[in-house]
Amino acid sequence: MAAYILRRLGYSTFVLWGALTIVFASIRLAPGDPAQLMLGTDASAQDVAALRQRLGLDRPIPIQYGRYLLDALRLDFGSSLRLDQPALQAVAERLGATAQLAASAMLLAVLVSFPLGIWAALRPRSIVDGIVSVLSLLGQSVPGFWLGIMFILLFARQLRWLPSAGSESWLHLVLPAVTLALPLVGVLTRLVRSGLLDVLHEDYIRTARAKGLTPRSVVSRHALLNTLIPIITLIGLQLGHLLGGAVIVETVFAWPGVGRLLVEAITNRDYPLVQAAILMVTTGFILINFLVDLSYGYLDPRVRLR
Amino acid sequence: MSTGLRSPSHGGAPAAVSAQSPAAAALPASSARSERGRRQQLRLVLSAIPLGLFILFAAVGPLLMPYDPVTVRTGERLKPPGEQTRDGARAWLGTDQVGRDLLAQVLQGARISLLVGISTVAIAGLLGIAAGIIAGYYGGLLDGFLMRLADVQLGFPSILLAILIAAVLGPSVTNVIITLSLTRWVTYARVARASTLVAKERDFVTAARALGARDGRLLGRHILPSIIAPWAVIATVEVGLVIIAEASLSFLGLGTPPDQPSWGLIVANGRAYLNTAWWISTMPGLALSLVVISVGIFGDRLRDYLDPRFAGTV
Amino acid sequence: MVTRWWDDSSDRRPATSAPPSRPDRRKFLKLASSLLAVGSATGLAAACAPAATPASKPADAKPTEAAKAAAPAPTAAPAVQAAPATAAPKPAEVAKPAARVPSGEIKVLLPTKTTTLDPHGAQSVDTITFTATRHVMETLVNREADGRFVPNLAASWENPDPTTWIFKLRPDARFHDGAKVTAADFKASLERVIAAKGPQAPLWAAVDGIETPDEGTVRIVTKTPSGTLLASSTLLLIAPARASTEGFFAKPIGSGPFKVVSYREDADLRLEANTDYWGGPPGLQNMTFRYVPEVAARVTALETGEVDFTWQLPPDQLPALRRNPDLKIDEAPSYSYYFIWMNASRPPFTDAKVRRALAHALDVDTIAKDLLAGVGKRATAPIPESVFGYAPQTPYEYSPDKAKQLLAEAGQPNGFETSMIWNPNSGPQDRELVQAMLSYWAAIGVRVRSQELERAQWLDNLIKLDWDMDFQTNSVTTGDADFTLNRLYHSRANRNGYKNPELDKLLDEAGSSTDQQRRADLYAQANKIIWEEAPGIFPFELLGSYVYRKSLSGFVPPPSQTPSFNNVTVQR
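Residues numbered from 1 in each chain as written. Chains lettered and ligands numbered in written order. Predicted model: local features only at pLDDT ≥ 70, side-chain atom pairs only at ≥ 80, totals over all residues.

## Description of the overall build of chain A
Logical step 1: Within chain A, the secondary structure is distributed over 13 helices and 0 strands.
Logical step 2: For chain A, the α and β elements follow one another from N to C terminus as α-α-α-α-α-α-α-α-α-α-α-α-α.
Logical step 3: Over its C-alpha atoms, taken along the principal directions, chain A stretches across nearly 85 × 60 × 30 Å.
Logical step 4: In chain A, once contacts between residues fewer than 6 apart in sequence are set aside, the share between residues at least 24 apart is 70%. (Helix = DSSP H or I, 4+ residues; strand = E, 2+ residues; numbered from the N terminus. Contact = placed C-beta atoms within 7 Å.)

This is how it looks when you write it as structure tokens:
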């Protein structure tokens, strides 16, 4: 186990380094100058140069890079160029809102897709199966921003059941969570269904059926457990991606999450903020997947972590 | 490496990068020409029809109804579907926010969206398969490097990577294709690597190698064919996801340029009109959804056809 | 047929349906307190009736208006500095409204985002930052919609010689922590602006020294005479001298009628009434500023009553809102306008005939009617009408034939190919306008490629003069022609490749004169040169369209597009 954790740490460090490096390089390759963006169109060339120097942007790239990695080790990313606060703090403040949204969406998706997937798997090739498979495709086939706006127009404007956008109360969470959950429902339902179908063909399930167990108990006691590994893997991956990737839903619903912060930071070339946010998002992703890996051992004793 | 990061999904939200498809384990179809096999084939062909129609629209539509990206008639703007314009023509899908006919635009959009979807899948597939085969076949340091690179990319929401790349490259259809390809090669690489590893250990490959077959011949004759089937299955699913991902980029202002509008771009630019002129965004949105669903169904059928284990279960 | 439930024509629910986000208890309290307010305001009207405020709007008793009424001649003259001695009344004369009880709450949707509450740095001429912070901090001088300067924190000012300005501060103004507003605080704020080298710093470039002979007096000495100092001081918000300490602007204090309760950059900015405000308490107890990016969500929030006020909505949203019985729309001229620059240092735009040809090719009236109804109109000069220094010019008539003829004379009979950079979200209908203009130019054979760029890249190209054409909005933030003309068209600025020594001379003289009539004459000449030489086309000036619930009263639309809610009240 100790060896496993050590390997895992090494691997995580590599992934973090890789992410930080990609971000460092790409944000600097993108056209545009943060100092110019901060000072606006009227600043003199000298003022812009002075600011570049103050921000350390005039130094050679390898030195900037080395400094950046050293600072990242100390979790020091400096102050955001646009916001009046340290970059890491700005990200941390939004991580809560993002986690809330991601977790709600995932919970919703799981609650809907398991029954749907099981239902479809128990009646392969039936009408039910067909409807479920088209529905699950539908969830993945609509651009999220279009769906989000439609939800606002229907549930907030027309029916007045829910608030439109913002983050004041838990009611504000409903529409973004549902919008985010829909494509997840699609993927998860298909996965539950195909996983179950796969397992239902295996020998031990046939044995269980032969022993006279009802299909219901076969599914709940035996089959489902064995389909959980791939499903949990997927949930982990998706949850990890929602940390930084829920940009569109966060924008449509004015939800103060990390994704929106990151995109704005990228468009404003706010280097410290982009870098801090990527570190946080990637760390979150690694942690979630670490937990997923640990869960394998409990779900299936055959799995050995090495 | 751990058991981590092996995912059997085929992606999901636009932001998702899936790791490995269930089809990873797929084997080429058995050639048994049973009754069931023929039915599978029929189902496959039937499911390809809507998709074929869309491709036909994309190819022929703009020739019949040319899209003029320059000329606008602001006096004819926001006409609802079916209304007549001043010159007597009928705007079957309505007109947009500057008075252009929406139908011509949607047809042109079909071309751009399908072009982006198919090219991206082809390029990402080529990149990914090349990386996967090299990693799987040669192993060692190269394998380690390529797969760690894939891991790094997986730990990075693909939409963010796309935003970064798009910001570097600037707006054009080609750049959108490059951007999306660079964010979606990982799936193929992992599948190709897994298939290569399996194929490499097969008896006939080991035998061929013992007989002194060259690497190139081995790859071309024995390993590549085993990768085609899973690739085809993932690729069909991915076409839909890529089209959606392009729409997301358009929403963020990083999609195709306005004189070459994709469906995603028309939907995105029309979204402020959803409460006043719903058709601008809804018409191309509908087309987009239909294509993604058609591609999805076709992908399912293709998998059934290629993978005997699933035969008859869908 | 597709169901058209999103069409607003049918089935509008009564507006009384409460927004789900507001608990009923709060609503009740609001009702109760606003009843109280109406009661006390009526009393107040009687109390300050002699101050000549219209009796129908008791809550409007605006300190500055009262001040105007009390001070007869000097401030009323169009040329303020023509009668410099003491331009404003003594503080004691300013009629304060008797204790008005602030009540109720409004929520305001900002059209763009605030990224900071620091009004001195990178956002120091940003209208949204100013809108949010002007309720917390105050300027020395305000500018009325008609262009006059009126006292605010400065009770009076004089200009004893062309390079000296003396401001007397109000003795009764206090920061939210109880400390007096002193000359040292003003000095620190101005020094902060200059040191930050942000966009406001160039406005103070002429400043040579800031002296504080006593705590109620500020003396500004300039290197050259400065005719724009008062205009610039309408942008300088005064914070306590300790503002430079880290973290101050996370929850800043000032001397304004509202105090900051909480602020987060991407969530709400909450303010509450400062009952000790020197001008008497504001009309509202609480105020919230919020930003929502998507148009559909903004309009929905307004219709459902989740928010009470917004502006800068796309024009296509206005007709439906106008029909809404609960909403009111105020249209007013603004300092903002659209322009198209043609890089005069790059052929073929080096030839003024080519530039004029492009102007003649646009059917400005039709475009304005079709695309900008309610938010914009044909511009008649390089700066909007409401700006000091505006002088109307002869419009370029729409004539493709004339345009083609000019092109032929310039040796481009078959037109040419070029490109235009622009940055989305710079103004209303920008994308639609670009498409329309491209279409008109194509009709005379000028094929313009639209280069829609991300802000970072657009700015980069713009500054480096790496473009053929540029399309954008601009705001004459100080309301004085100097802010725009001197900054953008002086050869030394070299912003669009156009250089004209004659124009430079006019602009230099106008900027350094303190004789406002002379300045107006000089800018009139500058307007004419820029219009006729056409380094740019100036098709539209923008209107401010403020949409709000009818329960709000006392709002006066400002040309600066930085609305103030100091005198707004809400009735339920």
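## Focus: the overall build of chain C
Logical step 1: On a plain count of helices and strands, chain C comes out with 16 helices and 20 strands.
Logical step 2: Across the 572 residues in chain C, those meeting the buried criterion constitute 56%.
Logical step 3: In chain C, once contacts between residues fewer than 6 apart in sequence are set aside, the share between residues at least 24 apart is 72%. (Buried ≥ 20, exposed ≤ 12 C-beta atoms within 10 Å, placed from the backbone.)

## Topic: helix H1 (residues 35-64) of chain B
Residue and element names in this part refer to chain B.
Logical step 1: The end-to-end C-alpha separation of H1 is 42 Å, in line with the 44 Å expected for 30 residues at 1.5 Å each.
Logical step 2: Along its length, H1 shows its largest kink, about 35°, at Ile-49, and proline Pro-50 lies within four residues downstream of that point.
Logical step 3: Looking only at H1, the buried set comprises Gln-40, Ser-47, Leu-51, Ala-58 and Gly-61.
Logical step 4: Of the surrounding elements, those touching the buried residues of H1 are helix H2 (102-138) and helix H9 (279-306). (Expected span 1.5 Å × (residues − 1). Bend = angle between axes of the 7 residues up to and from the residue.)

## Let's talk about the interface of chain B and chain C
Logical step 1: Across the boundary between the two partners, chain B contributes 21 residues, which contact 25 residues of chain C.
Logical step 2: Looking at the side of chain B that touches chain C residue by residue, the classes come out as 11 nonpolar, 8 polar and 2 charged. (Nonpolar A, V, L, I, M, F, W, Y, C, P; charged D, E, K, R; others polar.)

## Quick notes on the nonpolar core
Logical step 1: Counting 249 residues, the largest nonpolar core has Ala-105, Val-274 and Ala-277 of chain A together with Ile-163 of chain B as its most contacted members.
Logical step 2: Counting residues per element, this core draws most heavily on helix H7 (residues 215-251) of chain B, at 17 residues.
Logical step 3: Composition of this core by domain shows at least three residues from each of domain 1 (2-73) and domain 2 (96-269) of chain A.
Logical step 4: Ignoring anything within four residues of it in the chain, the contact list for Val-274 of chain A reads Val-23, Ile-27, Leu-262, Ala-265 and Ile-266 of chain A.
Logical step 5: Core analysis: the next-biggest nonpolar cluster, separate from the first, contains 86 residues, Met-420, Val-434, Val-446 and Ala-534 of chain C among them. (Core = buried A, V, L, I, M, F, W, Y, C linked by C-beta atoms within 7 Å. Domains from an automatic or database assignment.)

## Some thoughts on the interface of chain A and chain B
Logical step 1: Taken together, the 58 residues of chain A in the interface contact 52 residues of chain B.
Logical step 2: When residues of the side of chain A that touches chain B are traced back to their parent elements, those giving at least two are helix H1 (2-29), helix H6 (127-140), helix H7 (144-158), helix H8 (171-200), helix H10 (215-245), helix H11 (247-252), helix H12 (258-267) and helix H13 (271-299) of chain A.
Logical step 3: Here the element with the most residues in the side of chain A that touches chain B is H1 of chain A; it accounts for 9 residues.
Logical step 4: Grouping the constituent residues of the side of chain A that touches chain B by class yields 38 nonpolar, 15 polar and 5 charged.

## Brief notes about the sheet that holds strand S6 (residues 207-214) of chain C
Residue and element names in this part refer to chain C.
Logical step 1: If you walk across this open sheet you meet the 4 strands as S4-S5-S7-S6, and the pairing is antiparallel. Strand pairing shows two members of the sheet lacking a second neighbour, strand S4 (154-161) and S6, which therefore form its edges. Neighbour to neighbour, the strand axes of the sheet diverge by 20° on average, direction disregarded.
Logical step 2: Here S4 pairs with strand S5 (residues 164-169) via 5 bridges, running antiparallel. From the neighbouring strand, Asp-161 faces S5, where its bridge partner is Thr-164.
Logical step 3: Set on the sheet, helix H5 (residues 183-196) makes contact with S5, S6 and strand S7 (217-222); between it and S6 the angle comes to about 165°. (Pairing = 2+ DSSP bridges. Axes fitted to C-alpha atoms, helices over the stretch in contact; angles between N-to-C directions.)

## What about the environment of Gly-257 of chain A?
Logical step 1: With respect to the secondary-structure elements, Gly-257 of chain A resides in the loop between H11 and H12.
Logical step 2: Leave out the neighbours within four places in its chain, and Gly-257 of chain A touches Arg-94, Ala-97, Thr-98, Leu-101, Ala-246 and Glu-250 of chain A.

## Some details on the packing of H6 of chain A against H8 of chain A
All names here are of chain A.
Logical step 1: At a minimum axis distance of 7 Å, the contact between H6 and H8 shows a crossing angle of 140°. On the basis of their axis angle, the class for H6 and H8 is oblique. Of the two elements, H6 crosses H8, and the hand of that crossing is left-handed. Residues Val-132, Ser-136, Leu-137, Gly-139 and Gln-140 of H6 pack against Leu-182, Pro-183, Val-185, Gly-186, Val-187, Thr-189 and Arg-190 of H8. (Parallel < 35°, antiparallel > 145°, perpendicular 65-115°, else oblique. Left-handed = near helix turned anticlockwise from the far one by under 90°.)

## A few points about the domain arrangement of chain A
Logical step 1: Domain boundaries assigned for chain A yield domain 1 (2-73) and domain 2 (96-269).
Logical step 2: Its C-alpha centre places domain 1 of chain A at a distance of 35 Å from the equivalent point of domain 2 of chain A.

## Details of the environment of Tyr-305 of chain B
Residue and element names in this part refer to chain B.
Logical step 1: Residue placement: Tyr-305 occurs in helix H9.
Logical step 2: For Tyr-305, a count of 21 C-beta atoms within 10 Å corresponds to the buried category.
Logical step 3: Between the alpha carbons of Tyr-305 and Leu-44 there is a distance of 7.3 Å; along the sequence they are 261 residues apart.

## Some details on unusual backbone geometry
Glycine aside, the phi torsion of most residues is negative, and most peptide linkages are trans.
Residue and element names in this part refer to chain C.
Logical step 1: Pro-348 follows Pro-347 through a cis peptide bond whose omega is 0°.
Logical step 2: Note on placement: Pro-348 falls in the loop between strand S12 (327-342) and helix H9 (352-360).
Logical step 3: In this model, Asn-425 sits at a positive phi of 70°, which is unusual for a non-glycine residue.
Logical step 4: One non-glycine residue, Gln-561, lies in positive phi territory at about 60°.
Logical step 5: Tracing the backbone through its elements, the reader meets Gln-561 in the loop between strand S19 (552-553) and strand S20 (569-570).

## Some remarks on H7 of chain A
Logical step 1: Here H7 of chain A contains 15 residues, and its C-alpha end-to-end distance of 20 Å stays within 8% of the 21 Å for a straight helix at 1.5 Å per residue.
Logical step 2: Phi turns positive one or two residues past the end of H7 of chain A, at Arg-160 of chain A, with a value near 60°.

## Points about the pairing of S5 of chain C
Logical step 1: Note that S5 of chain C and S7 of chain C share 5 bridges and pair antiparallel. Counterpart to Ile-166 of chain C in the pairing with S7 of chain C is Arg-219 of chain C.

## Some words on the packing of H2 of chain B against H7 of chain B
Residue and element names in this part refer to chain B.
Logical step 1: Put simply, H2 and H7 touch, their axes get as near as 8 Å, and they point 140° apart. Relative to H7, the element H2 lies oblique. When the axes of H2 and H7 are compared, the crossing they make is right-handed. For the pair formed by H2 and H7, the contact residues are Ser-113, Val-116, Gly-117, Ile-118, Thr-120, Val-121, Gly-125, Ile-129, Ile-133 and Tyr-137 on the first element and Leu-219, Ile-223, Ile-227, Trp-231, Ala-235, Glu-238, Val-239, Val-242, Ile-243 and Glu-246 on the second.
Logical step 2: Class assignment of the residues belonging to the contact of H2 with H7 gives a composition of 14 nonpolar, 4 polar and 2 charged.

## Remarks on the confidence of the model for chain C
Residue and element names in this part refer to chain C.
Logical step 1: On average, residues of chain C carry a pLDDT of 84, and 83% of them reach 70 or more.
Logical step 2: Within chain C, the element-level pLDDT minimum falls on helix H3 (residues 73-76), averaging 35, and the maximum on H9, averaging 97.
Logical step 3: Counted against residues more than four places away or in other chains, residues 1-96, with its pLDDT under 50, gives 149 contacts. (pLDDT = per-residue confidence, 0-100.)

## Quick notes on the environment of Ala-534 of chain C
Residue and element names in this part refer to chain C.
Logical step 1: Mapped onto the secondary structure, Ala-534 falls in the loop between helix H16 (516-533) and strand S17 (536-537).
Logical step 2: Residue Ala-534 is classed as buried on the basis of its 26 C-beta neighbours within 10 Å.
Logical step 3: For the pair Ala-534 and Val-354, spaced 180 residues apart in sequence, the C-alpha to C-alpha distance is 9.4 Å.
Logical step 4: Among residues more than four places away in sequence, those in contact with Ala-534 are Ala-352, Arg-355, Arg-356 and Ala-359.

## Digging into the confidence of the model for chain A
Logical step 1: Model confidence for chain A is summarised by a mean pLDDT of 86, while 93% of its residues fall at 70 or above.
Logical step 2: When mean pLDDT is taken per element in chain A, H7 of chain A scores highest with 94 and helix H9 (residues 203-210) of chain A scores lowest with 70.

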